[in-house]
Amino acid sequence: MSTQQLFFMEPDQDYRSDSLKADVAVSDRPLVADTAQHFEDCHNDYLFAWANSDNLAFHYGYWDSPEPYNQHQALINKNQLLYDKAKIRPTDRVLDAGCGIGGSSIWMAKNFGNRATGVTISGKQVGYATNYAKKKGVANLVDFVQTDFCNTPFEDESFDIVWNAEAVSHTQFKGAFLKEAFRLLKPGGRIVYCDAFMMQRGFNEEQWQTMLGFFNGWAVPNLCYCDEFQGLLEGCGFQGIELDYIHEQTIQSAEYMYKVTKRLYPLQKLSQWLGLRNKAQTANYYAGLAQYDMFRNRYAEYCVFTATKP
């Protein structure tokens, strides 16, 4: 009787692979460049199928209401949740690490008057975010910089808050980001980070293919386990670490993405056949299916970490 091979996820590895199918092959560009290219190639996909001009959000939504799911309100809810979890005050200076097109920075500035600096590795996203800030009337409160949030040009102790919504997953070495966050925070400053965290330890071939679809589709090299990430926080010197499991409040957002992806299947196949979608866009499409399988089967769950620099 043959024994089924199991796959295990080790820290700091890049699990992006071209073993799925040729049309979703991973790029041979360095990870940072590949991530920037992913968001630039898929910019219109995100705006068409996920965000709108009010929330400008490329993260999952948060829904804890008995009312029918509202995608765009759920995306705003996530901002409010992180703001509350980190106990942010209007006077706090915020680093929005991995800011995308500026949605969270603009939301904080517009609703609470926070000064925020957003950083992204995509020059195009800096341009989009800057223009949106002007349109929203908060250009005097927010600015955007093209840089790697693991190695920023800012001085020590420049910020009260480091905010990261699902961007750390795009880095291979999660500890590098946490070390930089610790350096940038003032004493008493706080970090808040939300993302998917691994729960399952071993994967059979079918399960691992689901994970590869997620990794390849969104330029994600790996995901952390909660205990691993807590250890990284402690190793950097963070204290008062809190972990909140918000899987149940996130799964409707993951399901929404899955349903939209399924509805767009005919358009995806036709566009792909006509050569109108490149590999990154096609991989992004299939990740919309894989992410729901990952969450539904609880290979990973959605969590929020907060911690304080003493």
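Below is a short write-up of the structure.

Rules used in this analysis
Residues numbered from 1 in each chain as written. Predicted model: local features only at pLDDT ≥ 70, side-chain atom pairs only at ≥ 80, totals over all residues. Heavy atoms only, no water. Phe/Tyr/Trp six-rings, centres within 6.5 Å; stacked < 30°, edge-to-face > 60°. Helix = DSSP H or I, 4+ residues; strand = E, 2+ residues; numbered from the N terminus. Buried < 20%, exposed > 50% of the residue type's maximum accessible area, 1.4 Å probe, protein only. Lys NZ or Arg CZ within 6 Å of the ring centre and 35° of its normal. Expected span 1.5 Å × (residues − 1). Contact = heavy atoms within 4.5 Å.

Some details on the packing of aromatic side chains
Right, so step 1: Applying the stated criterion to the full structure yields 31 aromatic pairs.
Right, so step 2: Both rings, one in Y60 and one in F295, keep their centres 5.4 Å apart while their planes meet at 85°; by these two values the pair is edge-to-face. One end of the pair, Y60, is in the loop between α2 (43-49) and α3 (71-85); the other, F295, is in helix α11 (residues 279-296), and 235 residues separate them in sequence. The pair Y60 / F295 is uniform in exposure class, with both members buried.
Right, so step 3: Seen in terms of ring centroids, Y258 and Y292 are 4.9 Å apart; in terms of plane orientation they differ by 35°. Their pairing is tilted. In this pair, Y258 sits in helix α9 (residues 247-263) while Y292 sits in helix α11, placing the two residues 34 residues apart along the sequence.
Right, so step 4: Three or more aromatic residues link up through ring pairs in this structure, and these residues are F7, Y15, F203, W208, F214, F215, W218 and Y299.
Right, so step 5: Here R201 stacks its cationic end above the ring of Y225, 3.8 Å away from the centre of that ring.

Focus: α9
Right, so step 1: With 17 residues, α9 should reach 24 Å at 1.5 Å per residue; the first-to-last C-alpha distance of 24 Å fits that figure.
Right, so step 2: Along α9, the residues classified as buried are H247, T250, I251, S253, A254, M257, V260 and T261.
Right, so step 3: Looking at the buried positions of α9, the neighbouring elements they touch are α2, α3, β8 (239-245), α10 (265-273), α11 and β9 (300-308).

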